[in-house]
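Single-letter residue listing:
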Amino acid sequence: MKLNISLFARRYIVFGFLISLPFSNLFGNSGWHEEAFPTTISYASMTDQERAEAGFVAAVDSGKVFGEKSWSYELKQGGDYQMGTGWIEALSEGEVEVIITVNGEKVKIVTASKDLSQSKGRSSNDFGLFRLESRFEGLSPDSLIEIKTVPAGDVSYRLSFHLVSTTPTFTGLKVLNVVDFGALGDGVHDDMPAIHDAVAAARSAGGGIIRFEKEKTYRVIGRDDLEYEAVFELVGAANIKIEGQGSTVVLQAPDGLANIRLARNIQIDGLLVDYDPLPYYQGAITDINVDEMTIDIVVPDRYPVPLTGICESENPFFGRSFIPDYPGARTGSGENIYVESVTALEDNRHLRLQVPKTAIGSDTPNAGMIKRLVDAKQRGATEFVVPHKEYGHLGGWTNILQSARVKFSNVRYYLVPYFWLRVKGNTGPVTFHNVDLQMKHPETELYASWRDGFHIKNARFGTLIDGCDMDGAAQYDDTFAIYTRIHNVTTIDAKNKKLTLDAAFRDHKDLYSWLKGDWVSVWNKDQTRLRGMARLIELEDVPESEKRFHLTFEQLPSGIQLGDVVINDEVLNRGTLIRNCSTSSIGTENASNRFRASGICFEDNRFEDFSFLVEFNPFWGTPRSRDVLVKECYIGGGQSSVRLNWPVGMVFEKCRFDELTFSGTRNAENILLKDTSWSNAGGGEIIQAGVGSTMYLEGDIKVNGKHVHQLDSDIEKRISVAEGAAVHLPDGSVLGTKLAPKGE
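Residues numbered from 1 in each chain as written. Predicted model: local features only at pLDDT ≥ 70, side-chain atom pairs only at ≥ 80, totals over all residues. Heavy atoms only, no water.

A. Broad picture of the overall build of the protein. The helix and strand tally for the protein stands at six helices and 61 strands. Its C-alpha atoms give the protein a radius of gyration of 26 Å, within 12% of the compact-globule value 27 Å for 744 residues. By its C-alpha atoms, the protein is 85 × 70 × 55 Å across when sized along the principal axes. Carbon and sulfur atoms provide 47% of the accessible area of the protein, an area that totals close to 26900 Å². Each charge class in the protein was averaged separately, 78 positive and 100 negative side chains, and the resulting centres sit 4 Å apart. (Helix = DSSP H or I, 4+ residues; strand = E, 2+ residues; numbered from the N terminus. Rg over C-alpha atoms; globule rule 2.2 N^0.38 Å. Areas by Shrake-Rupley, 256 points an atom, 1.4 Å probe, with all protein chains shown as cover. Lys, Arg positive; Asp, Glu negative; His and termini not counted. Charge placed at Lys NZ, Arg CZ, Asp CG, Glu CD.)

As structure tokens, then:
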């Protein structure tokens, strides 16, 4: 048996992705328009059959206990397993050790205590509650997982976790061939009805394997009404596997590959995904007239004749300028430039794009277009990517919502018409293995998607993104967007231990994301001070028109004020692992990571032309990111950058930064850079520590192949430190002086 315990389970026990709290009185208990789902689900609300389908192994909520305890599980099925929503809390002074073993081998050790000490690279704001999220990969049947607690002395504590299988299983299910339901796979005939019939038959049978013929092309149109329709409609489904066998499905916007919701034990494998008509076209720029706010282009024959007229869309309708890095390059830069109308000039391939003065209809409606046109003209923009008048910025989602034990494998999308993957509110594990977004013809094309790639929100179990390759610079929004939303306190009922919260950004309550027993953290309004944590007892909704709801807790932390921020710590996407992935530099944008989440790991990735952004933006209602590990990753080339806004606790280990400056923009607290190198750094800065930031350099730090100690005093010239910031060098010296945080 090959035992492969992932980074979460085997490395960085000191880091450990733990939540912890600095003050003994912090624990109350121990002293685009997003869809708002109405359903609250959990393993507890499932039937026994549903739990088996969801891969459920065990759930533990120990209550207050003393002495040594152990929980052991002999696995009936081989594959991968995950421990989620796991934590241990020391209820009295002292320490308790949690030892997790697989077949007798220790794979993770966590020591929980009320110790007020701090550890570099980890949240120093939150000691006391320690997280246990872990992955166990490549296990054989009959493997034994054991969780053991060993307190030092007479320490009381409590512990909770869920253990589940992440590997779908379809043993004994009937194979349903789509050809038997009338699918031709000739690339011309509409095969959507036949595929829908095959899915319906599998669902009626309680599950099935839906098999496509090898390497055929299936045209799927369905309703030709510009309303979203999925090839695989899997709402409430269970035990469904799609075996594509290398076939291609050709969709028409706004349709998407799959709509998976409230589903269990689902796998989609071995498909290529394309769209026709294309949701865009490109043209060579012949003129940019800033005074008239127009762009003239010539559209090549490889595209159908574009539609003309006023551009009407329910979504912001922007195109993209392309400024090549050098003559003939397919890498470059550009900006979103909104399109108001398209007019034909001397023939139907010579077009004039009318640009509005501002980005009307977007989240930033006052953003001016004149400056963007001037930039495109002065910098020599050569091409423009235009949204198709009917099919651009329209649908295309692949949805995985409120589901468990879902896996996509060996799937390549050539492009999508708007967003790519919407992964939200999932109760159990979701896995993407070898799922790519790569253009069919990168030698000529500049488009993969108009908006986000992996759009992940409110996951109770971290999502695994493994071996996925993206043409990220041809995605005109974030490659990875991983987040949750904050809520603000509007009423405090101390007697009944109840808080009333607002509906947050865009009036979304996200009621599905709150479950009894969830840990909730309460912060002051700007999230610089943790009031404390408390455990949820009850959720109470009020009429939708009031845009608020109530939460009742075991106890309320002291010092809560109106306007304070409340975060559900169980849906921060903890345990998300992004490994062995890559982004390319072909396109008019840089690929990007923008996350507002905690307990995330990036491992062994190669990110070219990549913006690694930790975002903190009150406008979007985002929490501060905590406890993030970036290990053995390459980030560099093109427009690459690392920008950290207000994170608390991050480790960058054995990373390689190429042609970029590592920037703690503001309040980047407790950032550890260990055994890390910069290449092609020239003579400029390698680190910028913004106001309120604290960084530590440890181990073997290299700049252009030279060790930091070889640079002597030159290293100080390469690091800028703002007032109230500090950078600790490997020799123990400190640049700058970190100011003590202001109290309230």
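B. A look at the pairing of strand β47 (residues 626-631). Most of β47 sits out of view: six of its six residues are buried. Here β47 runs beside strand β50 (residues 648-653); their pairing, made up of five bridges, is parallel. The partner of V630 across the bridge, within β50, is F652. (Buried < 20%, exposed > 50% of the residue type's maximum accessible area, 1.4 Å probe, protein only. Pairing = 2+ DSSP bridges.)

C. Spatial organisation of the sheet that holds strand β35 (residues 487-493). In spatial order, the strands read β35-β36-β39-β38-β37-β40; together these six strands close into a barrel with antiparallel pairing. The average undirected angle you get between the axes of adjacent strands in this sheet is 45°. Across four bridges, the pairing between strand β37 (residues 519-523) and strand β40 (residues 565-568) is antiparallel. Across the sheet, the residue bridging to V520 is N568, located in β40. (Axes fitted to C-alpha atoms, helices over the stretch in contact; angles between N-to-C directions.)

D. Broad picture of the sheet that holds strand β55 (residues 687-689). In spatial order, the strands read β14-β16-β27-β29-β31-β34-β43-β46-β49-β52-β55-β59; together these 12 strands make up an open sheet with parallel pairing. Taken across any chain shown, the strands that pair with only one partner, and hence form the sheet edges, are β14 (230-235) and β59 (719-721). Geometrically, the sheet is characterised by an average inter-axis angle of 10° between neighbouring strands, direction not taken into account. Summarising the sheet, strand β31 (residues 454-457) and strand β34 (residues 480-483) pair through four bridges and their orientation is parallel. Looking across to β34, one finds that K457 is bridged to Y483.

E. Layout of the nonpolar core. Core analysis: the largest hydrophobic core is formed by 134 residues, its most contacted members being F232, F408, Y413, F432, F612, F652 and F662. In terms of residue count, the dominant contributor to this core is helix α3 (residues 192-204) (six residues). Apart from the residues within four sequence positions on either side, F612 is in contact with N593, F595, F602, V630, I635, S641, V642, R643, L644, M650 and F652. The next biggest cluster of nonpolar side chains, apart from the first, holds 26 residues, and it includes W71, Y73, F130 and L163. (Core = buried A, V, L, I, M, F, W, Y, C linked by side-chain atoms within 4.5 Å. Contact = heavy atoms within 4.5 Å.)

F. Representation of unusual backbone geometry in the model. A cis geometry characterises the amide bond from A253 onward to P254, with omega recorded as 10°. Positive phi is not limited to glycine here, since N667 has a value of about 50°. One can find N667 in the loop between β52 (662-666) and β53 (669-674). N667 gets classed as buried once you look at its relative accessible area, which sits at 12%.

G. The pattern of salt bridges, seen in detail. For the structure on display, the rule yields 38 salt bridges. Salt-bridge contacts for R51 lead to D48; the nearest nitrogen and oxygen are separated by 2.6 Å. Taken together, the residues span about one helical turn, with R51 and D48 both in helix α2 (residues 48-53) at a distance of three residues. Assessed through its relative accessible area of 19%, R51 is described here as buried. The salt bridge involving E229 is made with R223; its shortest N-O contact spans 3.7 Å. Since its relative accessible area comes to 10%, E229 is described here as buried. (Salt bridge = Lys/Arg side-chain N within 4 Å of Asp/Glu carboxyl O.)

H. Local environment of the confidence of the model for the protein. The predicted model of the protein has a mean per-residue pLDDT of 90, with 91% of residues at 70 or higher. The low-confidence segment residues 1-34, where pLDDT is below 50, has 151 contacts with residues more than four positions distant or belonging to other chains. (pLDDT = per-residue confidence, 0-100.)

I. Representation of the packing of aromatic side chains in the model. For the structure on display, the rule yields 34 aromatic pairs. Both rings, one in F318 and one in W450, keep their centres 5.5 Å apart while their planes meet at 85°; by these two values the pair is edge-to-face. Here F318 is found in strand β21 (residues 318-324), whereas its partner W450 is found in the loop between β30 (430-437) and β31, with 132 residues between them in sequence. By relative accessible area, which is 4% here, F318 ends up buried. Relative to F612, the ring of F602 lies with its centre 5.2 Å away and its plane at 65°, an arrangement referred to as edge-to-face. On the criterion of sequence distance, the pair formed by F602 in strand β44 (residues 601-603) and F612 in strand β46 (residues 610-614) is long-range, its members being 10 residues apart. The pair formed by F602 and F612 is uniform in burial state, with each residue classed as buried. For the cation-ring pair, R596 lies above Y483, with the distance from its terminal atom to the ring centre recorded as 4.9 Å. It is R606 that lies over the ring of Y634; its NZ or CZ is 4.0 Å from the centre. (Phe/Tyr/Trp six-rings, centres within 6.5 Å; stacked < 30°, edge-to-face > 60°. Lys NZ or Arg CZ within 6 Å of the ring centre and 35° of its normal.)

J. How the structure looks around the environment of K516. Residue placement: K516 occurs in the loop between β36 (498-502) and β37. On the basis of relative accessible area, K516 is assigned to the exposed category, the value being 70%. Along the sequence, K516 and S156 sit 360 residues apart, while their C-alpha atoms lie 22 Å from each other. With sequence-adjacent residues up to four places away left out, K516 is seen in contact with L536 and I537.

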